[in-house]
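Listed below, chain by chain, are the residues.
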Amino acid sequence: MSDGIRIDKWLWAVRIFKTRNQAAEACRAGKVKIDGQSVKPSRELKLQELIVIQIGQLSKTIEVKGLLQNRVGAKLVEEYLIDHTPAEEYEKIKMMRELNYEHRDKGFGRPTKRERRLIEKLKKSKF
């Protein structure tokens, strides 16, 4: 038996992806890379390897700290990986969410047709 674990199974087990199928699809789509090379879902993972994962607009960099076979609770994830993702990446995602965020004070209800059209016009003008 080898000393590694399939990368798709590990990504699912440490809660990077909700399902193992999503992890495998990300590998097949070239969104998971080790040493700049796209990897297949069956690639054996070793300790101390750096993985770069493209999840939407976020480019996440993690280091393998431990191998595991089964999915673990969210509190235990930090025992198996080290997140090397720069803070700028998280800030970029936060800013993108704020641009698309709409806030209405409590008690004001739904926007009227006129307000909705104005909101859509403002959204289009930002991009």
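Everything that follows concerns the structure shown earlier in this document.
Quantities reported herein were computed from a predicted structural model and do not represent experimental measurements.

Parameters at a glance
- Residues numbered from 1 in each chain as written.
- Predicted model: local features only at pLDDT ≥ 70, side-chain atom pairs only at ≥ 80, totals over all residues.
- Heavy atoms only, no water.
- Helix = DSSP H or I, 4+ residues; strand = E, 2+ residues; numbered from the N terminus.
- Buried < 20%, exposed > 50% of the residue type's maximum accessible area, 1.4 Å probe, protein only.
- Arc of directions from axis to C-beta.
- Contact = heavy atoms within 4.5 Å.
- Pairing = 2+ DSSP bridges.

## Description of unusual backbone geometry
And then number 1: Residues other than glycine seldom take positive phi values, yet Arg15 does so here, at roughly 65°.
And then number 2: With respect to the helices and strands, the residue Arg15 is situated in the loop between helix H1 (7-13) and helix H2 (20-28).
And then number 3: The phi dihedral of Asp35 falls on the positive side, at around 55°, and the residue is not glycine.
And then number 4: Positionally, Asp35 belongs in the loop between strand E2 (32-34) and strand E3 (37-38).

## Description of H2
And then number 1: Taken together, the buried positions of H2 are Ala23, Ala24, Ala26 and Cys27. All buried residues of H2 lie within an arc of 160° about the axis, which places them on one face of the element. Along H2, the residues that are exposed and aim more than 90 degrees away from the buried face are Asn21 and Arg28.
And then number 2: As for H2, its buried residues are in contact with H1 and E2.
And then number 3: Phi turns positive, to about 80°, at Gly30, one or two residues after H2.

## Let's talk about the environment of Glu120
And then number 1: Secondary-structure assignment places Glu120 in helix H4 (residues 113-126).
And then number 2: Classification of Glu120 as partly exposed rests on a relative accessible area of 37%.
And then number 3: For the pair Glu120 and Arg104, spaced 16 residues apart in sequence, the C-alpha separation works out to 15 Å.

## Brief notes about the sheet that holds strand E5 (residues 50-55)
And then number 1: Strands sit in the order E3-E2-E5-E6-E7 across an open sheet of 5 strands; the sheet is antiparallel. Of all the strands in the sheet, the pair left with one neighbour each is E3 and strand E7 (81-83).
And then number 2: In the sheet, strand E6 (residues 58-64) pairs with E7 via 3 bridges, with the strands oriented antiparallel. Bridge pairing links Glu63 to Ile82 in E7.

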